[in-house]
Amino acid sequence: MAYSLGIDIGSVNAKLALIDNDDRVALLDSEKITSSAKAALASLIARLADAFCLNEIHTVAVSGSIVAVVPEELAWSEYSSSLSIASGILHYHPEAKTIMQIGGQSSFVMELEDGLRKPWRVASNPLCAAGTGRFLEQQAYRLGITMRDFSRLALEFEGSVPRIAARCSVFAKTDLIHLQQKGVPIGAMLYALCGSIARMVTFLKKGVFEEPVYCVGGVAANEAIIKALNEVLSSRNGHQVSVIVPENHSHIEALGAAFLAKESGRTSRVTLLTQSEDQQHYFEMPKLDRQSQQSNNWIAPAVAKSFVGYLGVDVGSTSTKAVIIDESGKEVIAKSYLMTAGKPIDAVKDVFRNLLKSVGDNAVIAGVGVTGSGRYLVGSFIGADLIKNEITAQTRAAAELDPEADIIEIGGQDSKLVIKRNGIVVDYQMNKACAAGTGSFIDELAEQLGIHVQNGEFANLAFKAPHTIDLGTRCAAFMGQAVASAQQGGVPLEIITASLANSIAGNYISKVVEIRRLGEKVILTGAVFYNEAVVSAFHQALRGKAIIVPDHKEVSGAIGAGLLAKESLDGKDRTSKFKGFQRVIDSNHNLTTFVCKGCDNNCNISRLDIPDEKPTFYGSRCDLYDSTVSSEKVETAFDEREKLLFKDYKDYQEKDGIPSVGIPRALAVYDYAPLLIGFLNALGAKVV
């Protein structure tokens, strides 16, 4: 009997499919990749040799993400994952029009027009775990749920399902924490995660999905995922859609490779593989050198008498900060830094309690500024005089250190860059829907290694490393697997730790700085830079730049908000709207949420109700709700420019015989308005 063999070497599992001359399946097998892909492949071949004679296998094809482990002398054919999957599906289901694959670290959507006879279109996920099996595994682990129970619990839930970030796995973790604190049932959260996967996969393709639609890959075994896919596709196509999960869906790529191998007729050999060379080898890179910097042990000045100060509050996604600066704006009198933990109002109350312990009743607050992702909610709650975005606040605080320096700010879930020339901001950038290179990124991976970041253990280990290695600059979930692989390969903990610090810097440079040119001086700010290993990694990545790490790096956004509030009130006969520390601490509030249906974003809006006050909203991607608490409109030079451009525009009354000509008040028309209006006026037309 002659056989054909197909091998699928994925990022998580290696799979094997053996077919006979009549295309009947003789064997299906799989092996989880732990130490290396080659070791998993060797185990599969060893088990195959126990059941079949290897000399009877005449053709072999390999597919997947790690095909380089196969020795060249065996002459195995190589095929792409998309071609192998299409081959496997079409062999059994020639009517297929759309194929969705959801694997451990990849997902794609394939559109077929006439089988493989016409070009097919494939859209795949980027280097991000959202929409993959790894995403589900991470969230299930955080919730303490086995993958065996995941689908059952998700399908058992009935009722309204919350929305969870369908982007980065770290952002999804934040959403889960918030939902847990609100007492949302575990089944609702699990099905919400299934909805996230379904949205991410279907977003890979625009328009309707041609039917029939097939789903393959390991995640296709999760019935809750298939239910969520049915709901999303039914909404997209405008009628009920049922995704089909074919038999042997997890081995369909290996089966497709076997069919392609048989069709090619290329003779190949199959032999037992040795595992002696399975050890992963890493290129040794320079070690981290400890950089001298200012002490982090700031001591609050004694407050014995009444003083006038300004309050700055920064409500971030992971932490809440508040500072009191003196009347001159030069000195920090008190500061507090706490984790937001999904409860920004409670976090603000806690930081205010800490500030009261420091200054007592001695502080006379002349102005309050608020920044951060929760600025609108908290600004209304405490009675802020000014609400500003984080980039503006960070830039103002950095100007006190060095007005010429560029700014690198890394927070819990975001990272920002501000480029200045001659003291003027000329460019800025933020990370794009990915937590790689942020505080949560390093916290997640440190937790996986069993070490602590806050107490200096991470940095101390990193500086003991004789060298570093390149772990990559990818998604936090994929980096977790890179770390696990390095551990299994015997890489010492201190080398992994130092290399992770380099990954933070590498991620930031590649994903935020990109091709922009930094100036000669750079300020590093954000709580992440309390980690000396990360500071050293940035020194190496930005070699030749003058690096400034401020004393109050963790509260710089709050300092900027306080300074902006001071400047907005200077010289104005106006008292602050601040309600007072104790009144805020003692105040009652009711926080509810609802989904805005104003557009397809379906934003989860939080509504804050305080007795005898107008409700406050936050959480929209636009300012449909947030704008109700924004600062009043300010006349700027742009308003004056518009008046000059349209000064010849007259609101003519309707008259018989006079044609009306409409001009779109948008885009380039603003620049050409005087020409267009003047021309039409000269012709005697009515301009609208």
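The residue numbers shown here count from 1 along each chain, following its written sequence. Residue-level local features of this predicted model are given only where pLDDT is at least 70; pairs of side-chain atoms are given and counted only at 80 or more, and the full residue set underlies all totals for whole chains, interfaces and linings. The side-chain figures draw on all heavy atoms in the structure; neither hydrogens nor water molecules are used.

*Asks:* Would you mind showing me how to read the sheet that holds strand 6 (residues 98-102) here?
*Replies:* Think of a sheet as strands paired side by side through backbone hydrogen bonds, with each pair either parallel or antiparallel. Any two strands with at least two DSSP bridges between them are considered paired. Runs of H or I in DSSP of at least four residues are treated as helices and runs of E of at least two as strands, each being numbered from the N terminus. Read across the open sheet, the four strands follow the order 8-7-6-9; overall the sheet is mixed. Each edge of the open sheet is held by one strand with a lone partner, namely strand 8 (121-124) and strand 9 (213-216). The average undirected angle you get between the axes of adjacent strands in this sheet is 15°. As a rule, the C-alpha atoms of each element are fitted with a line to give its axis, helices using only the stretch in contact, and angles between N-to-C directions run from 0 to 180 degrees.

*Asks:* What exactly am I supposed to notice about the sheet that holds strand 12 (residues 332-339) here?
*Replies:* If you walk across this open sheet you meet the five strands as 12-11-10-13-14, and the pairing is mixed. One side of each edge strand has no neighbouring strand; the edge strands of this open sheet are strand 12 and strand 14 (386-387). Note: strand 13 (residues 363-371) against strand 14, two bridges, orientation parallel. Residue pairing in the sheet places glycine 369 in a bridge with leucine 386 of strand 14.

*Asks:* I would appreciate a short explanation of the confidence of the model for the protein in the present structure.
*Replies:* It should be kept in mind that the predicted coordinates are not to be read in detail where pLDDT is low. Confidence of the predictor at the level of single residues is given by pLDDT, which spans 0 to 100. Mean pLDDT over the protein works out to 86, with 93% of the residues at or above the 70 mark. Model confidence for the protein, summarised as mean pLDDT per element, is weakest for helix 5 (residues 169-181) at 72 and strongest for strand 9 at 96.

*Asks:* What exactly am I supposed to notice about helix 12 (residues 439-449) here?
*Replies:* Residue pairs spaced three or four apart in an α-helix point in one direction, given the helix's 3.6 residues per turn. Of all the 11 residues making up helix 12, eight are buried; the element is thus mostly covered by neighbouring parts of the structure. Only protein chains enter the accessibility calculation, which uses a 1.4 Å probe; a residue whose area is less than 20% of its type maximum is buried, one above 50% is exposed, and one in between is partly exposed. For helix 12, the set of buried residues is Gly439, Ser440, Phe441, Ile442, Glu444, Leu445, Ala446 and Leu449. Two residues or fewer after helix 12 comes glycine 450, characterised by a positive phi angle close to 75°.

*Asks:* Explain the packing of helix 12 against helix 15 (residues 493-513) here, please?
*Replies:* Each pair of packed helices can be summarised by the angle the axes make with each other and by the distance between the axes. Across the interface, helix 12 lies against helix 15 with an axial gap of 11 Å and an inter-helix angle of 165°. In terms of orientation, helix 12 lies roughly antiparallel with respect to helix 15. In this structure, helix 12 meets helix 15 at a crossing whose hand is right-handed. Between helix 12, through Phe441, Ile442, Leu445 and Leu449, and helix 15, the contact on the second element is made entirely by Leu493, Ile496, Thr497, Leu500, Ala501, Ser503, Ile504 and Asn507. Should an angle fall under 35 degrees it is taken as roughly parallel, and over 145 as roughly antiparallel, whereas 65 to 115 is taken as roughly perpendicular and any remaining angle as oblique. By the definition used in this description, the sense in which the near helix is turned from the far one sets the handedness, with an anticlockwise turn below a right angle giving left-handed and a clockwise turn giving right-handed. Every residue pair with non-hydrogen atoms within 4.5 Å of one another is taken to be in contact.

*Asks:* Before we go on, may I ask you to explain the nonpolar core in this structure?
*Replies:* Generally speaking, nonpolar side chains in soluble globular proteins are found buried as a group. Note on terminology: a nonpolar core comprises buried Ala, Val, Leu, Ile, Met, Phe, Trp, Tyr and Cys residues joined through side-chain atoms within 4.5 Å. Ile408, Phe458, Leu500, Leu524, Phe529 and Phe538 are the most contacted members of the largest nonpolar core, which has 55 residues in total. In terms of residues, this core owes the most to one element, helix 15, which gives 10 residues. Apart from residues lying up to four places away in sequence, leucine 500 is in contact with Ile442, Leu445, Leu449, Phe458, Leu471, Met479 and Val483. Judged by nonpolar contacts, the second largest core, of 39 residues, contains Ile102, Met189, Cys215 and Val241.

*Asks:* Explanation requested: the pairing of strand 18 (residues 521-525) in the structure shown.
*Replies:* Side-chain positions along a regular strand alternate between the two faces of the sheet. In terms of burial, strand 18 is a largely internal element, four of the five residues being buried. The pairing of strand 15 (residues 406-410) with strand 18 spans four bridges and is parallel. Residue pairing in the sheet places glutamate 409 in a bridge with threonine 525 of strand 18. In this region the chain leaves strand 18, passes through helix 16 (residues 532-541) and returns to the parallel neighbour strand 19 (residues 546-548); the handedness of that crossover is right-handed. Every crossover in which the path from the first strand over the helix to the second runs clockwise, viewed with the strands pointing away from the viewer, is termed right-handed.

*Asks:* Explain the packing of helix 3 (residues 133-143) against helix 6 (residues 186-202) to me, please; I cannot follow it from the model alone.
*Replies:* Contact pair helix 3 / helix 6: the axes reach a minimum separation of 11 Å and the direction vectors enclose 165°. Judged by the inter-axis angle, helix 3 sits roughly antiparallel to helix 6. Judged by the sense of rotation from one axis to the other, the crossing of helix 3 with helix 6 is right-handed. On helix 6, the residues that touch Phe135, Leu136, Gln139 and Leu143 of helix 3 are Ile186, Met189, Leu190, Leu193, Ser196 and Ile197. Here the contact of helix 3 with helix 6 is composed, by residue class, of eight nonpolar, two polar and no charged. Following the grouping adopted for this structure description, the nonpolar residues are Ala, Val, Leu, Ile, Met, Phe, Trp, Tyr, Cys and Pro, the charged ones are Asp, Glu, Lys and Arg, and the polar ones are all others, Gly among them.

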